[in-house]
Amino acid sequence: MSTAETEPRPAAQPQEPLESQDRPYVEVLSPRDVPLGGPRAMTVRRTLPHRSRRLIGAWCFVDHYGPDDVALTGGMDVAPHPHTGLQTVSWLFTGEIEHRDSLGVHAFVRPGELNLMTSGHGICHSEVSTPATTVLHGVQLWVVLPDEHRATARDFHHHVPEPVALDGGEARVFLGTLAGRTSPVPTFTPLLGAELTLTPHATVTLTVDPAFEHGVLVDHGEIRLADTDLHPGDLGYLAPGPTTLTLTNTADAPARLILLGGTPFEEQIVMWWNFIGRSQEDITRARADWQAATDRFGEVHGYPGDRLPAPELPGTPLKPRGRTR
Ligand code: MN
């Protein structure tokens, strides 16, 4: 996915959640609607980066979309565009997306299947919902690469996690470890990514790594996390510390959520358009390399149309920012 937002909204005052002894504080990050661009402008709900929080672990970008009737929204049609310094995680609930990238990967993203693309120093890709898709529903997530690995080679992983039965639901662990399952897909920082479904009125308690901060993105249903009610589209943030995480589906219908986690990412980063760097110079160079069609990003074959041009850089300097500012 490509972001039409060239600069995330400025951060508010840094907020570190206050924790009481018995009740961890949950910060609720509400989504904002962002058009993806294109003729009919499919809209996504974005919760990261957020005014008050830019990262959860190394998760730096959370777009949630659908269920969309593609006859109305036009579906997804994102022309070839570049990435640098990050990984993209595509995860669908419904529909199908055709992915092509400059590594030469031609893949179909399907529900319950992880497609993880590592940009490293540079990659480009296109993403198009297939003609067979009538309803499109899923998430696109980005992971920032740590400085020592951000220039790594392009890579791509596909993995179909086996569902794990929980008492009151089911989990699909696509990255990291949860409920006794570990994804075989390697990560550059400690990370967790899983889809959970909860039966009506179920309460599920999961053992988690106390060094991790967590995010709970509600897809549908009503979820209570540590005494805080989360509604569809909300991303609930929980600071490191707890060794368990308790989720309750408070409604009469099934619920679904995405659980993200990771150790706090302490590096300062610059995120602009589809690039992540450490400085204004990194971004300026990446933009110039894309505009000049250098080998850095390679070429996508098979997409019927032109590549996306980079937007103009802002007139004001791009400043490195940390987790909460
Ligand atoms: Mn993309």
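The structure this text deals with has already been given above.
Q: Got a sec to walk through the overall build of the chain? Specific residues and values, please.
A: Counting its regular elements, the chain contains two helices and 26 strands. Relative to a compact globule of 325 residues, whose C-alpha radius of gyration would be 20 Å, the chain shows 19 Å and is just as compact. Counting only residues that meet the buried cut, the chain has 56% of its 325 residues in that class. Within the chain, contacts between residues at least 6 apart in sequence are counted, and of these 73% link residues at least 24 apart. Carbon and sulfur atoms form 50% of the exposed surface of the chain, whose accessible area is close to 13,300 Å². Side-chain charges of the chain comprise 26 positive and 40 negative groups, with the mean position of each set lying 5 Å from the other.

Q: Could you give an account of the sheet that holds strand E10 (residues 123-129), with specific residues and numbers?
A: The sheet built from four strands is open, its strands ordered E5-E10-E7-E8 with antiparallel pairing. Two strands lie at the open edges of the sheet, namely strand E5 (77-83) and strand E8 (106-109), each paired on one side alone. Shown here is a sheet whose adjacent strand axes are inclined to one another by a mean of 20°, direction ignored. Note that strand E7 (residues 97-101) and E10 share five bridges and pair antiparallel. In the sheet register, Asp 101 faces E10, and the bridge partner there is His 125.

Q: With reference to specific residues and values, describe helix H2 (residues 280-291).
A: The end-to-end C-alpha distance of H2, which contains 12 residues, comes to 16 Å, matching closely the 16 Å that a straight helix rising 1.5 Å per residue would cover. Buried within H2 we find Asp 282, Ile 283, Ala 286, Arg 287, Asp 289 and Trp 290. The buried side chains of H2 occupy one side of the element, clustering within an arc of 165° when seen end-on. For H2, the elements touching its buried residues are E5, E10, strand E25 (270-272) and strand E26 (275-277). The positive-phi residue at the C-terminal boundary of H2 is Ala 293, with phi of around 50°.

Q: A description of the packing of aromatic side chains should follow, citing residues and the corresponding values.
A: Taken as a whole and judged by the stated rule, the model has seven aromatic pairs. What links up through ring pairs into an aromatic cluster is the set Trp 272, Trp 273, Phe 275, Trp 290 and Phe 297. Taking NZ or CZ as reference, Arg 53 lies 3.6 Å from the ring centre of Tyr 237, over its face. Above the plane of the ring of Phe 93 lies Arg 256, whose end atom (NZ or CZ) is 4.0 Å from the centre.

Q: Describe the side chain of Asp 101, and please don't skip the residues or the numbers.
A: The residue Asp 101 is located in strand E7 in this model. One buried charge, Asp 101, has no salt-bridge partner; the nearest side chain with opposite charge is Arg 154, at 7.3 Å. A polar contact is formed between the side chain of Asp 101 and the side chain of His 99, at a distance of 2.7 Å. Beyond its immediate sequence surroundings of up to four residues, Asp 101 is in contact with Met 117, Ile 123, Cys 124, His 125, Phe 156, Glu 299 and Val 300.

Q: An account of unusual backbone geometry is needed here, citing residue identities and associated values.
A: In this model, Leu 48 is joined to Pro 49 through a cis peptide bond whose omega is -10°. Structurally, the position occupied by Pro 49 is in the loop between strand E3 (43-48) and strand E4 (59-69). In the segment running from Gly 66 into Pro 67, the intervening peptide bond is cis, with an omega of 5°. If you trace the backbone, Pro 67 turns up in strand E4. One non-glycine residue, Ala 226, lies in the positive phi region at around 45°.

Q: Now, about the pairing of E3: what can you tell me, with residues and values included?
A: Of the strand pairs in this sheet, strand E2 (residues 32-35) and E3 are connected by four bridges, and their pairing is antiparallel. By the bridge assignment, Arg 32 is partnered in E3 with Arg 46. Where E3 lies against E4, three bridges are found, and the strand directions are antiparallel. Its bridge partner being in E4, Arg 45 is matched across the sheet by His 64.

Here is what the cut-offs are and how they apply
- Residues numbered from 1 in each chain as written.
- Predicted model: local features only at pLDDT ≥ 70, side-chain atom pairs only at ≥ 80, totals over all residues.
- Heavy atoms only, no water.
- Helix = DSSP H or I, 4+ residues; strand = E, 2+ residues; numbered from the N terminus.
- Rg over C-alpha atoms; globule rule 2.2 N^0.38 Å.
- Buried < 20%, exposed > 50% of the residue type's maximum accessible area, 1.4 Å probe, protein only.
- Contact = heavy atoms within 4.5 Å.
- Areas by Shrake-Rupley, 256 points an atom, 1.4 Å probe, with all protein chains shown as cover.
- Lys, Arg positive; Asp, Glu negative; His and termini not counted.
- Charge placed at Lys NZ, Arg CZ, Asp CG, Glu CD.
- Pairing = 2+ DSSP bridges.
- Axes fitted to C-alpha atoms, helices over the stretch in contact; angles between N-to-C directions.
- Expected span 1.5 Å × (residues − 1).
- Arc of directions from axis to C-beta.
- Phe/Tyr/Trp six-rings, centres within 6.5 Å; stacked < 30°, edge-to-face > 60°.
- Lys NZ or Arg CZ within 6 Å of the ring centre and 35° of its normal.
- Salt bridge = Lys/Arg side-chain N within 4 Å of Asp/Glu carboxyl O.
- Polar contact = N/O pair within 3.5 Å; in protein donor to acceptor, adjacent residues only side chain to side chain.

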